[in-house]
Amino acid sequence: MHNLENLRQEVLQRNPGETEFHQAVAEVFGALTPVVERHPEYVEAGILRRMCEPERQIIFRVPWTDDEGNVQVNRGFRVEFNSALGPYKGGLRFHPTVYLGIVKFLGFEQIFKNALTGMPIGGGKGGSDFNPAGRSEGEIMRFCQSFMTELYRHIGEYTDVPAGDVGVGSREIGFLFGQYKRITNRFEAGVLTGKGVSWGGSLVRPEATGYGTVMFADHMLRTRGQGMEGQRVLVSGSGNVAINAIEKAQQLGAVAVTASDSSGFVVDEDGIDVDLLRQVKEVRRGRIGEYVELRGGRSRFVSEGSVWSVPGTIALPSATQNELDEADAKRLVENGVLAVAEGANMPCTQRAVELFGEAGVLFGPAKAANAGGVATSALEMQQNASRDSWSFDFTHDRLEQIMGDIHDRCLETADEYGSPGNYVAGANIAGFVKVADAMLAQGLV
Ligand SMILES: NC(=O)C1=CN([C@@H]2O[C@H](COP(=O)(O)OP(=O)(O)OC[C@H]3O[C@@H](n4cnc5c(N)ncnc54)[C@H](O)[C@@H]3O)[C@@H](O)[C@H]2O)C=CC1
Ligand SMILES: O=C(O)CCC(=O)C(=O)O
């Protein structure tokens, strides 16, 4: 314990101001006391200290011209955190809040998440403080081309394999891939995932994160003799993860009643119409209020507060980090929430997670619950390597299998290390031990 606390303090001092990274490290360290007691060899070999230091951090200038001909300059990042299990793997985020601390928190989480999938992938993450909101297609393309003009020299199918995250979907992956191909003169499909299906992408990858989160919630509920059917589900966000979580929840017989964006949230007592939500957010790229204008009926738009004030039995925070705090958690518990599964990365504050634990609410942490996305990216890499493309049903079955395995591994590990039923402990320990053993085997690198 003493050693872990010293080390945590060291990480804070070495990485000043990177609050999200500090939070992610604290969550992992919070679970590791029984591990370092049982495995002093990890401490002796400096495994924890090495894990907290990225293998490589790249920060670069991204110059581009807007539609008025003005020169714009953004900052690009790629943090190659850990390659003990395979090439660095993780998404790119384009959002004005992106800075090194966000990229490092996401990259650090990715190490353990990727280990949990059971696939041969290391951890990394990247992005830019570029704000795609309100930008034309031409501006997005020129930005992506400039971003890749630097990034291309750092990535490759055996080195580092980026994908999407907030603000980066199949359109951006297309522009990035096109520029990579043009610069390198190689059709290297395995260099990026989330590609279009006709040029090397995988069916189910677009749905995988949201679908997987709901599958994970369903597994947690089954340990208490329940399931998703008949549940009233609260989802935050209205992007890739949120929309597909809503779709899968409804396929499994639940009613998902909320969705949100930075302008507010909608409640639809008849269940969110997923096709309409896709139309508003993915085709028109509009605000969430347009859903209510088009839907009418028993739907309403709320501009103040959050979806967590709405009564529901399952909560799937799927928007952004720290969007569900202590007050939200209290409200959810008072309203009788049974399970919370994190679709977004670190959406619940540490205090909110503690409250769920104290109240006996089933809680699936992001690195386990949303791992279906990156796992399906690894399936995309598998298809690229064998020049194959699998059917929707086959890939969906693989995803279901993987989510069930992650769920069971979390529970077994939590049991083994003395915290039965604690998915946070199980996910962190199982992910950590797998990476630590690989690092030990590979010597001091
Ligand atoms: N796309 C993927 O495969 C994966 C994404 N994630 C995580 O899921 C979360 C959402 O990512 P995507 O859906 O891919 O992004 P997206 O770009 O498709 O959508 C952005 C999402 O962020 C929400 N958002 C951002 N700021 C917000 C605010 N202030 N209030 C309410 N909503 C806000 C938007 O409403 C929208 O739901 C992020 O935490 C991301 O890291 C995690 C695993 C994989
Ligand atoms: O599919 C990937 O490689 C990225 C997924 C991702 O960024 C995440 O799991 O947060």
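Not measured: the values here are computed from a predicted model.

1. Some thoughts on the overall build of the protein
If you tally the helices and strands in the protein, you get 18 helices and 13 strands. Relative to the globule expectation of 22 Å for 445 residues, the C-alpha radius of gyration of the protein, 21 Å, shows essentially globular dimensions. In terms of its C-alpha atoms, the protein occupies a principal-axis envelope of roughly 65 × 55 × 45 Å. Counting across all 445 residues of the protein, residues that qualify as buried make up 58%. Restricting to contacts in the protein with at least 6 residues of sequence separation, those with at least 24 account for 71%. A total of about 17,500 Å² of accessible surface is found on the protein, and carbon and sulfur atoms cover 49% of it.

2. Thoughts on the confidence of the model for the protein
Chain-level pLDDT for the protein is 98 on average; 100% of the residues reach the 70-or-more range. Quick note on the complex model: pTM equals 0.98, ipTM equals 0.97.

3. Remarks on the sheet that holds strand S4 (residues 123–128)
Read across the sheet, five strands follow the order S1-S2-S4-S3-S5 without closing on themselves; strand pairing throughout is mixed. Each edge of the open sheet carries a strand with a single partner, namely strand S1 (56–65) and strand S5 (160–164). Ignoring strand direction, the axes of neighbouring strands in this sheet form an average angle of 20°. The pairing of strand S2 (residues 71–82) with S4 spans six bridges and is classified as antiparallel. The partner of Phe-77 across the bridge, within S4, is Gly-127. The strands touched by helix H6 (residues 100–116) within the sheet are S1, S2, strand S3 (88–94) and S4, with S4 carrying the most contacts at an inclination of about 150°.

4. Examining the site of ligand 1
The environment of ligand 1 is formed by 21 residues, the closest being Asp-165, Gly-167, Thr-209, Ser-238 and Asn-345. Within the side chain of Asp-165, a nitrogen or oxygen atom sits 2.6 Å from an oxygen atom of ligand 1. At 2.8 Å, a backbone N or O of Gly-239 approaches an oxygen atom of ligand 1. Protein chains bury 80% of the 800 Å² of accessible surface belonging to ligand 1 in isolation. Those elements that provide at least two residues to the shell around ligand 1 are helix H9 (205–222), helix H10 (240–251) and strand S8 (258–261). Classifying every residue of the shell around ligand 1 gives four nonpolar, twelve polar and five charged.

5. Notes on the pattern of salt bridges
Tallied over the full model, the rule gives 34 salt bridges. The partner of Arg-14 in a salt bridge is Glu-53, and the shortest N-O contact between them spans 3.0 Å. Pair noted here: Arg-14 is in helix H1 (residues 2–14) and Glu-53 is in the loop between helix H5 (47–51) and S1, with a separation of 39 residues, a long-range link. Its relative accessible area of 32% is what places Glu-53 among the partly exposed residues. Across the salt bridge formed by Asp-218 and Arg-222, the nearest N and O atoms sit 3.3 Å from each other. Placement of the pair is Asp-218 and Arg-222 together in helix H9, with a separation of four residues, close to one helical turn. When its relative accessible area of 14% is taken as the criterion, Asp-218 is described as buried. For Arg-222, a relative accessible area of 44% puts it in the partly exposed group. Salt bridges linked by common partners bring Glu-326, Lys-330, Arg-351, Glu-354 and Glu-358 together as one network.

6. Describing helix H14 (residues 350–358)
Within H14, burial applies to Ala-352, Leu-355 and Phe-356. Across the axial projection of H14, the buried residues extend over an arc of 100°, all falling on one side. H14 presents Gly-357 and Glu-358 as exposed residues on the side facing more than 90 degrees away from its buried surface. Elements that come into contact with the buried residues of H14 comprise helix H13 (326–334), strand S12 (339–341) and strand S13 (362–364). Where H14 ends, the next residue or the one after it, Gly-360, has phi of about 75°, a positive value.

Conventions and cut-offs
By convention here, each chain's residues receive numbers from 1 onward along its written sequence. Each chain gets a letter, beginning with A, and each ligand a number, beginning with 1, in the order they are written. Totals for whole chains, interfaces and linings use every residue, but because this is a predicted model, local features are given only for residues with pLDDT of at least 70 and side-chain atom pairs only at 80 or more, for both listing and counting. Values shown for side chains rest on all heavy atoms present in the structure; no hydrogens or waters enter the calculation. Note on conventions: DSSP H or I runs of at least 4 residues are helices, E runs of at least 2 residues are strands, and numbering of each starts at the N terminus. It is over C-alpha atoms that the radius of gyration is taken, and the globule rule equals 2.2 Å times the number of residues to the power 0.38. A simple rule labels every residue: compare its accessible area, found with a 1.4 Å probe on the protein chains alone, to the largest value its type can have, and call it buried under 20%, exposed over 50%, or partly exposed in between. Working rule for contacts: check all heavy atoms of both residues, and any pair within 4.5 Å makes them a contact. Surface exposure here means Shrake-Rupley accessible area, sampled with a 1.4 Å probe, where a residue is shielded only by the protein chains that are shown. Each residue carries a pLDDT score, the predictor's confidence in it, ranging from 0 to 100. Each pair of strands is called paired provided DSSP finds at least two bridges between the two strands. Only the stretch in contact is used when a helix axis is fitted, and all axes are lines through C-alpha atoms; the angle between N-to-C directions ranges over 0 to 180 degrees. Nearness of a residue to a molecule or strand requires only that one of the residue's heavy atoms be within 4 Å of it. The term polar contact refers here to a pair of N or O atoms within 3.5 Å; inside protein, the definition further demands a hydrogen-donor-capable atom paired with an acceptor-capable atom, and it admits residues adjacent in sequence only when both atoms are side-chain atoms. Gly counts as polar in this scheme, as do all residues outside two lists: the nonpolar Ala, Val, Leu, Ile, Met, Phe, Trp, Tyr, Cys and Pro, and the charged Asp, Glu, Lys and Arg. The rule for a salt bridge is simple: a side-chain nitrogen of Lys or Arg has to be within 4 Å of a carboxyl oxygen of Asp or Glu. The arc in question is formed by the directions pointing from the helix axis toward the C-beta atoms.

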